[in-house]
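Summary of structural features
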Amino acid sequence: MAAPAMEGLAVTALRSVMLRVRQAAERSGRRSDQVRVVAVSKTKPVSLIRQVYDAGHRCFGENYVQEINEKAPQLPEDIEWHFIGHLQSNKVKPLLAAVPNLAMVEGVDNEKIANHLDRVVSGIRRKPLKVLVQVNTSGEASKSGVEPSGCVELAKHVKLGCPNLEFSGLMTIGMPDYSSTPENFRRLLNCRIEVCKALGMAEEQCELSMGMSGDFEEAIEMGSTNVRIGSTIFGPREYPKKQQD
């Protein structure tokens, strides 16, 4: 369990992040309410998430299905949960069953997972699920995501071929140290231009999820509408869980 003093720090850190988001948004000629902050609570206890929730924040993200499935039922239903990263087909049904307030999947990286999500959403009769197409902008083999050259085709498939999914935009995960170069972000901006042209969408209807703890201000200045911030709010991740299991 986190000590109460630690939990106070998360709220202080959240306020500092929101101020930095507002300033970066203003520098890019936008209002701060045009940028969504997803507080990524990976490895953090429910009590800490609750502190940030009680401070008024409503949008949280997780990277592992097991973690979000355990945490979401213990927390208020008006949280907007984002699942972030590669999703395996066999985890789709448990995720959607356990988290009825799942707001978005960031991101879908191939047609097979899009089709699977579409079928499960239809089967449980929930409202259409917002999804972002994940693009591998750094060209690293270890990263999930469709190649930039394939983003139009995948976005088209989600928008036109998956009636129970709502194509909401594009996302990318930056370089390994989470400090993306502007090139990664520029590549995603270019993908958005192509996707919007192909689908006849206005660019402001197509979200850009880029930017994490190390680079979110630069991402916002370049047009990001959705930043995923974990350690800057919650502190370093606590991976050694083995002894607790």
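Residues numbered from 1 in each chain as written. Predicted model: local features only at pLDDT ≥ 70, side-chain atom pairs only at ≥ 80, totals over all residues. Heavy atoms only, no water.

Within an unreviewed UniProt entry, the label attached to the protein chain reads Pyridoxal phosphate homeostasis protein, and the organism entered is Vitis rotundifolia. Regarding the protein chain, the UniProt comment filed under Function (unreviewed entry) reads as follows: "Pyridoxal 5'-phosphate (PLP)-binding protein, which may be involved in intracellular homeostatic regulation of pyridoxal 5'-phosphate (PLP), the active form of vitamin B6." According to its UniProt record, the protein chain has this under Sequence similarities (unreviewed entry): "Belongs to the pyridoxal phosphate-binding protein YggS/PROSC family." (UniProt positions renumbered as here; feature names shortened; annotations may be inferred.)

**Here's the deal with the overall build of the protein chain**
Per the secondary structure count, the protein chain includes nine helices and eight strands. Overall, the C-alpha framework of the protein chain stretches about 50 × 45 × 30 Å when taken along its three principal axes. Considering the protein chain as a whole, with its 245 residues, one finds that 52% of them fall into the buried category. Accessible area of the protein chain: about 11500 Å², with a carbon and sulfur share of 50%. (Helix = DSSP H or I, 4+ residues; strand = E, 2+ residues; numbered from the N terminus. Buried < 20%, exposed > 50% of the residue type's maximum accessible area, 1.4 Å probe, protein only. Areas by Shrake-Rupley, 256 points an atom, 1.4 Å probe, with all protein chains shown as cover.)

**Comments concerning the pattern of salt bridges**
Tallied over the entire structure, the rule returns 11 salt bridges. Across the pair Glu-67 and Lys-71 runs a salt bridge whose closest N-O atoms are separated by 2.7 Å. Of the two residues, Glu-67 and Lys-71 both sit in helix H3 (residues 65–71), four residues apart, roughly one turn of that helix. This pair shows no difference in class: Glu-67 is buried, exactly as Lys-71 is. For Lys-143, the salt bridge is made with Glu-140, and the minimal N-O distance between the two is 2.8 Å. We note that Lys-143, like Glu-140, is buried. (Salt bridge = Lys/Arg side-chain N within 4 Å of Asp/Glu carboxyl O.)

**Here we look at the environment of Asn-110**
Here Asn-110 shows up in the loop between strand E4 (102–108) and helix H5 (111–124). In sequence terms Asn-110 and Glu-153 are 43 residues apart; their C-alpha atoms lie 9.9 Å from each other. Here the side chain of Asn-110 touches Lys-112 through a polar contact of 3.1 Å, landing on its backbone nitrogen. (Polar contact = N/O pair within 3.5 Å; in protein donor to acceptor, adjacent residues only side chain to side chain.)

**A few points about the pairing of strand E3 (residues 80–84)**
Most of E3 sits out of view: four of its five residues are buried. As paired elements, strand E2 (residues 59–62) and E3 share four bridges and run parallel to each other. Bridging across to E3, Phe-60 finds its partner in Trp-81. Handedness of the crossover joining E2 and E3 through H3: right-handed. Pairing geometry for E3 and E4, over four bridges, is parallel. Bridge pairing links Ile-84 to Glu-106 in E4. Once the chain exits E3 it traverses helix H4 (residues 89–98) before rejoining the sheet at E4, and the crossover so formed is right-handed. (Pairing = 2+ DSSP bridges. Right-handed = clockwise from strand over helix to strand, strands pointing away.)

**What about unusual backbone geometry?**
Between Glu-106 and the following residue, Gly-107, the backbone shows a cis peptide bond with an omega angle of 15°. Looking at where Gly-107 falls in the secondary structure, it is placed in strand E4. In this structure, Arg-125 is a non-glycine residue whose phi angle is positive, near 55°. Looking at where Arg-125 falls in the secondary structure, it is placed in the loop between H5 and strand E5 (129–134). Judged by its relative accessible area of 74%, Arg-125 is exposed.

**Points about the packing of H4 against H5**
Angle between the axes and distance between the axes are the two parameters that describe a pair of packed helices. Where H4 meets H5, the axes come as close as 10 Å, and the angle between the chain directions of the two elements is 30°. The orientation of H4 relative to H5 falls into the category roughly parallel. The element H4 and its partner H5 pack so that their crossing is right-handed. The residues of H5 that touch H4, namely those facing Ser-89, Val-92, Lys-93 and Leu-96, are Lys-112, Ile-113, His-116, Leu-117, Val-120, Val-121 and Ile-124. When grouped by side-chain class, the residues that make up the contact of H4 with H5 number seven nonpolar, two polar and two charged. (Axes fitted to C-alpha atoms, helices over the stretch in contact; angles between N-to-C directions. Parallel < 35°, antiparallel > 145°, perpendicular 65-115°, else oblique. Left-handed = near helix turned anticlockwise from the far one by under 90°. Contact = heavy atoms within 4.5 Å. Nonpolar A, V, L, I, M, F, W, Y, C, P; charged D, E, K, R; others polar.)

**Describing the pairing of strand E6 (residues 165–171)**
The buried count for E6 comes to six of seven residues, which makes it a mostly enclosed element. Taken together, the six bridges between E5 and E6 define a ladder with parallel strand orientation. Following the sheet pairing, Gln-134 is matched in E6 by Met-171. Remark: the E5/helix H6 (residues 151–161)/E6 crossover connection has right-handed handedness. Where E6 lies against strand E7 (residues 207–209), three bridges are found, and the strand directions are parallel. From the neighbouring strand, Leu-170 faces E7, where its bridge partner is Leu-208.

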